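Residue-level listing of the chains:
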Amino acid sequence: MQKPNESIVLEETSITHIQEQCLTTPCPIRSILHLSPRLRFSIDSDEFPQCILSKFMHLPFHITLKSGGKVEVRVAPPSFNSVSKHSFKGSLVPVYSPYTVAKTDTRIRSVNFSVLNFDQFYGTEDKWINIDEQSRHLGVAKLEADHWRIEITESLGLNEDRKILKQESAYAVTHTGSIECKYGEVFSVLEAENLLMGLRTFLSFAAGAACGLTLVKAVDENGTEESLMWGSRHVEPWSESKHSWLPINDGGDSLTEAFPKFWELFGREEWNDTIRRAVDWYLNGSSSAIHVGIVLARAALESLSFRINQKKIKPEAEALRQALGRQGIGCGIPASCGSLKAVAQQEKWTDGPEAITKMRNEIVHPKRRYALIPIEAQLDARNLSLQYIELMLLKSFQYRGRYVNRLAAAGESPYENVPWAVKNVGSSITK
């Protein structure tokens, strides 16, 4: 089993051509995802031909793999050492990561993958397995949308790995998954790429931190398994302080419920861009310094408001106010945001949208009074902004289950039904 921070060998293969020129002898390589001390991807070999250094030291170039796939790469100095006058030991890096290495005309029967840094969850589809005469509980989520079926299963060693993950900012394979067409049909590499991009966005939103997909392999129409992608997009190091709206005890069911409408919207050009931008700003806003988080979260809210209102509304606070109203989300500053509430009363800000917008404007166009705003009020503003994003997206995905309310008052359970699913009962965000 893969241990936290242990490098992952994605594939051992060989290079047959460099810039369409056939090599006399194929060059053996290993594609490796390094998890420590930082997440990075490299293509390593002890036998790279010296022509790479003489011709492409500072230029991108193409390599052709044994499978026929092509990768655009650069030399990764200073990681090379001459072995002989004909070869050197070193690393190449793709021009971007992840990089699709399967041939574009491959017809795919199914895709298998691993997930980096997604937390435990449970649901009605969970598996029980027996190991060493002991029964183990593994969380499972089954996602279906259109003609796609996706299954995500907790990795066997996650319980033990979490002990290590808690102690250090680490990376680990936490789940494995598969994608297939419900009707057994084959699909294209382009369709697989889009599915993986959407799934990574969806899981990162659910995790409250950027997670990644790696060890992505395709099973083609002949039943042969081959690498589909190398590398991984940005992944946040494990943190116990990150917040997720996803409830652990029924998280598998929550993922199942939210995914179909997410995927429908992700397939629309106008919503695809909005969702990807909003989730990216939401994730970065969660992990950034507080004042940066306010600015990024406000950008996400502006993008979501425009999409929900279907028109540009001025002023910005009114646009957010109307978007929240259309989705049944209250605009009041909750009692748990006491410091923000006090500043809002002092500044005569009427509600959450105005408080967030005015504070964002003070940060971007600083005046002396911004320095006087207590850090606690800034933290409240960021948390309220992030909660608005969570609820606006969940409403857009027609989710009606439970969520973890990041604004729950001390001593109160954070597990609540989303506001629009509750009749005659106020959510803490509407107070």
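Here the structure is shown first, and the text comes after it.
Below, the structure is looked at part by part. Positions within a chain are numbered from 1, following the residues in the order the chain's sequence is written. Side-chain atom pairs in this predicted model are given and counted only at pLDDT of 80 or more, local residue features only at pLDDT of at least 70, and totals for whole chains, interfaces and linings cover all residues. The side-chain values count all of the structure's non-hydrogen atoms but skip hydrogen atoms and water molecules.

## A word on the nonpolar core
Moving on, step 1. In terms of nonpolar packing, the biggest core is built from 87 residues, with F113, F118, L228 and M392 touching the most fellow members.
Moving on, step 2. Whether two residues are in contact is decided by their heavy atoms, any of which lying within 4.5 Å being enough. Excluding residues that lie within four positions of it along the chain, L228 makes contacts with Y99, T100, V101, A102, I108, V111, V189, A192, L196, V216, K217 and A218.
Moving on, step 3. One finds I43, F48, F61 and L92 within the second-largest nonpolar core, a separate group that totals 30 residues. Only buried residues count toward a nonpolar core. Its members are Ala, Val, Leu, Ile, Met, Phe, Trp, Tyr and Cys residues joined through side-chain atoms within 4.5 Å. Accessible area is worked out with a 1.4 Å probe on protein chains only. A residue is then buried under 20% of its type maximum, exposed over 50%, and partly exposed in between.

## Quick look at the side chain of R406
Moving on, step 1. As for its position among the elements, R406 is in the loop between β17 (402-404) and β18 (415-417).
Moving on, step 2. Two N or O atoms count as a polar contact when they lie within 3.5 Å, although within protein this holds only if one can serve as hydrogen donor and the other as acceptor, and sequence-adjacent residues are included solely when both atoms are side-chain atoms. Within the local environment of R406, its side chain forms a polar contact with the side chain of E390, the two groups lying 2.6 Å apart.
Moving on, step 3. Residue contacts for R406: discarding those within four places in its chain leaves H243, Y282, N383, L386, Q387 and E390. Working definition: helices are DSSP H or I runs of at least four residues, strands are E runs of at least two. Numbering for both runs from the N terminus.

## A word on the packing of aromatic side chains
Moving on, step 1. Working definition: rings of Phe, Tyr and Trp (its six-membered ring) pair if their centres are within 6.5 Å, and the pair is stacked with planes under 30 degrees apart, edge-to-face with planes over 60 apart, and tilted otherwise. Using the criterion set out here, one finds 17 aromatic pairs in the structure.
Moving on, step 2. Ring geometry for F48 versus F88: centroids 5.4 Å apart, planes at 35 degrees, classification tilted. Highlighted residues: F48 in strand β3 (residues 40-49) and F88 in strand β7 (residues 87-94), separated in sequence by 40 residues. The burial state of F48 is the same as that of F88; both residues are buried.
Moving on, step 3. Note on geometry: a ring has a charge over it if NZ (lysine) or CZ (arginine) is within 6 Å of the ring centre and within 35 degrees of the ring normal. Over the face of the ring belonging to W238 we find K242, whose NZ or CZ atom lies 4.4 Å from the ring centre.

## Structural notes on the sheet that holds strand β16 (residues 225-230)
Moving on, step 1. Ordered in space as β8-β16-β15-β9-β14-β13-β12, the seven strands form an open sheet in which the pairing is antiparallel. For this open sheet the edge positions go to β8 (99-100) and β12 (140-145), each flanked by a neighbour on one side alone.
Moving on, step 2. Inspection of the sheet shows strand β9 (residues 108-116) paired to strand β15 (residues 212-220) by seven bridges, in the antiparallel sense. Opposite I108, over in β15, you have D220 as the bridge partner.
Moving on, step 3. Here an axis means a line fitted to C-alpha atoms, over the contact stretch when the element is a helix, while the angle between two N-to-C directions is reported on a 0 to 180 degree scale. Relative to β9, helix α3 (residues 189-207) is tilted by about 30 degrees, and along the sheet it contacts β8, β9, β12, β13 (148-154), β14 (173-181), β15 and β16.
Moving on, step 4. Contacts from helix α4 (residues 251-266) reach β12 and β13, with the element oriented near 20 degrees to β12. Strand pairing is assigned whenever DSSP detects at least two bridges linking the two strands.

## Brief notes about the environment of L92
Moving on, step 1. Tracing the sequence through the fold places L92 in strand β7.
Moving on, step 2. Exposure remark for L92: the relative accessible area of 0% places this residue in the buried category.
Moving on, step 3. Residue contacts for L92: discarding those within four places in its chain leaves S42, I43, F48, I52, F61, I63, V73, R74, V75 and A76.

## A look at unusual backbone geometry
Moving on, step 1. Omega for the peptide link from S97 to P98 comes to 5 degrees, which places this bond in the cis form.
Moving on, step 2. With respect to the helices and strands, the residue P98 is situated in the loop between β7 and β8.
Moving on, step 3. For the bond from K314 to P315, the omega torsion is -5 degrees, close enough to zero to count as cis.
Moving on, step 4. Within the secondary structure layout, P315 lies in the loop between α6 (290-309) and α7 (316-326).
Moving on, step 5. Although it is not a glycine, N5 adopts a positive phi angle of roughly 65 degrees.
Moving on, step 6. By the element assignment, N5 lies in the segment before β1 (8-18).
Moving on, step 7. One non-glycine residue, K348, adopts positive backbone phi at about 65 degrees.
Moving on, step 8. By the secondary structure assignment, K348 is in the loop between α8 (338-347) and α9 (352-364).
Moving on, step 9. Judged by relative accessible area, which is 68%, K348 ranks as exposed.

## Quick notes on the pairing of β14
Where a strand is regular, its side chains alternate between the two sheet faces.
Moving on, step 1. Sheet topology note: the β9/β14 ladder contains seven bridges and is antiparallel. By the bridge assignment, N112 is partnered in β14 with S178.
Moving on, step 2. Pairing of β13 with β14 involves seven bridges; the strand directions are antiparallel. Looking at β14, one finds that I152 is bridged to G177.

Taken by themselves, the reported measurements are silent on function.
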